[in-house]
Amino acid sequence: MGMQSILEKGQIKFMSILELLLKGGWVMVPIFLLSILTLYALIERLIILNKAGKVSQKWLNNLYNQILTGDIEEAKLLCEQKHTAITSVIQAGLENLPHEPQNLEKSMELAGQTEIYRLEKNLSLLGAVAGIAPMLGFLGTVLGMIQAFMAMAHTTTAITPQLLAGGIYEAMITTAAGLVVGILADISYKYILTNVERVSYKIEQTASQLIEIVQESYKLQQTKRINEA
């Protein structure tokens, strides 16, 4: 366990991190709650994003082959077996086949916007924590400094460097805690945003490929009908 040493009555006293944090006062409570929210949002989004873009190329090739052969119902069944953002977009497009292929692109675009909105859930929470946590830390420091100086103003004994340093370091604890939580939230926000953009690009790429495959499928079917005639 990390230890913090302070000078007290001419002796070195060791203090655990938990004991040190408790000296920050009541402001440490909301900062602690914000840290829990940050960890929850980060872990929850990582799990969702990992699942959202989890579609193998082998599965996609199998899907494309079903579409090329005109077996749209089998392609739909393949999508129903997987529950990811990409398969949801593909399934939305396939619902227009074979009767309304002209609506394929529009349906996938709307479904893609819905999936991206879902993937960005809790991003605003991380952004808010990144701004609020440091401000709470500064508030705790200001309140701590006020209390320290009020205590010194009412003391009848000589003000020693130890007394002054003790009040200041206790007040600075909340600033350090708030900055740590704020930095963690900001890093989490940017990391999640990067992953959302990655999944978004993969959705767009897959949708474009699907449109090309459907167009190729219709060309093959037309050629087949001409040859049979």
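Cut-off values and rules
- Residues numbered from 1 in each chain as written.
- Predicted model: local features only at pLDDT ≥ 70, side-chain atom pairs only at ≥ 80, totals over all residues.
- Heavy atoms only, no water.
- Helix = DSSP H or I, 4+ residues; strand = E, 2+ residues; numbered from the N terminus.
- Buried < 20%, exposed > 50% of the residue type's maximum accessible area, 1.4 Å probe, protein only.
- Contact = heavy atoms within 4.5 Å.
- Core = buried A, V, L, I, M, F, W, Y, C linked by side-chain atoms within 4.5 Å.
- Patch = residues over 30% accessible without salt bridge, like charges linked within 9 Å, V, L, I, M, F, W, Y side chains within 5 Å.
- Areas by Shrake-Rupley, 256 points an atom, 1.4 Å probe, with all protein chains shown as cover.
- Salt bridge = Lys/Arg side-chain N within 4 Å of Asp/Glu carboxyl O.
- Arc of directions from axis to C-beta.

### Looking at the overall build of the chain
Here is step 1 of the chain: If you tally the helices and strands in the chain, you get 8 helices and 2 strands.
Here is step 2 of the chain: When each of the 229 residues of the chain is scored for burial, the buried share is 38%.
Here is step 3 of the chain: Considering only contacts within the chain whose residues lie at least 6 apart along the sequence, 73% involve residues at least 24 apart.

### Structural notes on the nonpolar core
Here is step 1 of the chain: Judged by nonpolar contacts, the single largest core of 36 residues is most densely connected at Trp59, Leu63, Ile67, Ile90, Leu94 and Leu210.
Here is step 2 of the chain: Those elements that place two or more of their residues in this core are α2 (28-52), α3 (57-68), α4 (72-80), α5 (85-94), α6 (104-119), α7 (123-154) and α8 (161-228).
Here is step 3 of the chain: In terms of residue count, the dominant contributor to this core is α8 (9 residues).
Here is step 4 of the chain: When sequence neighbours within four positions are dropped, the list of residues in contact with Leu63 reads Ala75, Leu78, Cys79, Ile90 and Leu94.

### What about a nonpolar patch on the surface?
Here is step 1 of the chain: Together, Met135, Phe138, Leu179, Ile183 and Ile187 give the surface a local cluster of nonpolar side chains, amounting to about 500 Å² of exposed area.
Here is step 2 of the chain: Counting residues per element, the ones that place at least two in the nonpolar patch are α7 and α8.
Here is step 3 of the chain: For Ile187, a relative accessible area of 53% corresponds to the exposed category.

### Quick look at α4
Here is step 1 of the chain: Of all the residues in α4, the buried ones are Ile72, Ala75, Lys76, Leu78 and Cys79. Angularly, the buried residues of α4 cover 155 degrees about the axis, an arc narrow enough to put them on a single face.
Here is step 2 of the chain: Contacts from the buried residues of α4 go to α3 and α5.

### Describing the pattern of salt bridges
Here is step 1 of the chain: Scanning the model with the defined rule gives 4 salt bridges in all.
Here is step 2 of the chain: Note that Glu73 is salt-bridged to Lys76, the shortest N-O span being 3.7 Å. With Glu73 and Lys76 both in helix α4 and 3 residues apart, this pair spans about one turn of that helix.
Here is step 3 of the chain: Ionic pairing is found between Lys190 and Asp186, a salt bridge with its closest N-O pair at 3.3 Å. You can see Lys190 and its partner Asp186 sitting in helix α8, 4 residues apart, about one turn around the helix.
Here is step 4 of the chain: Asp186 gets classed as partly exposed once you look at its relative accessible area, which sits at 30%.

Scope: geometric values only; no functional claims are made or implied.
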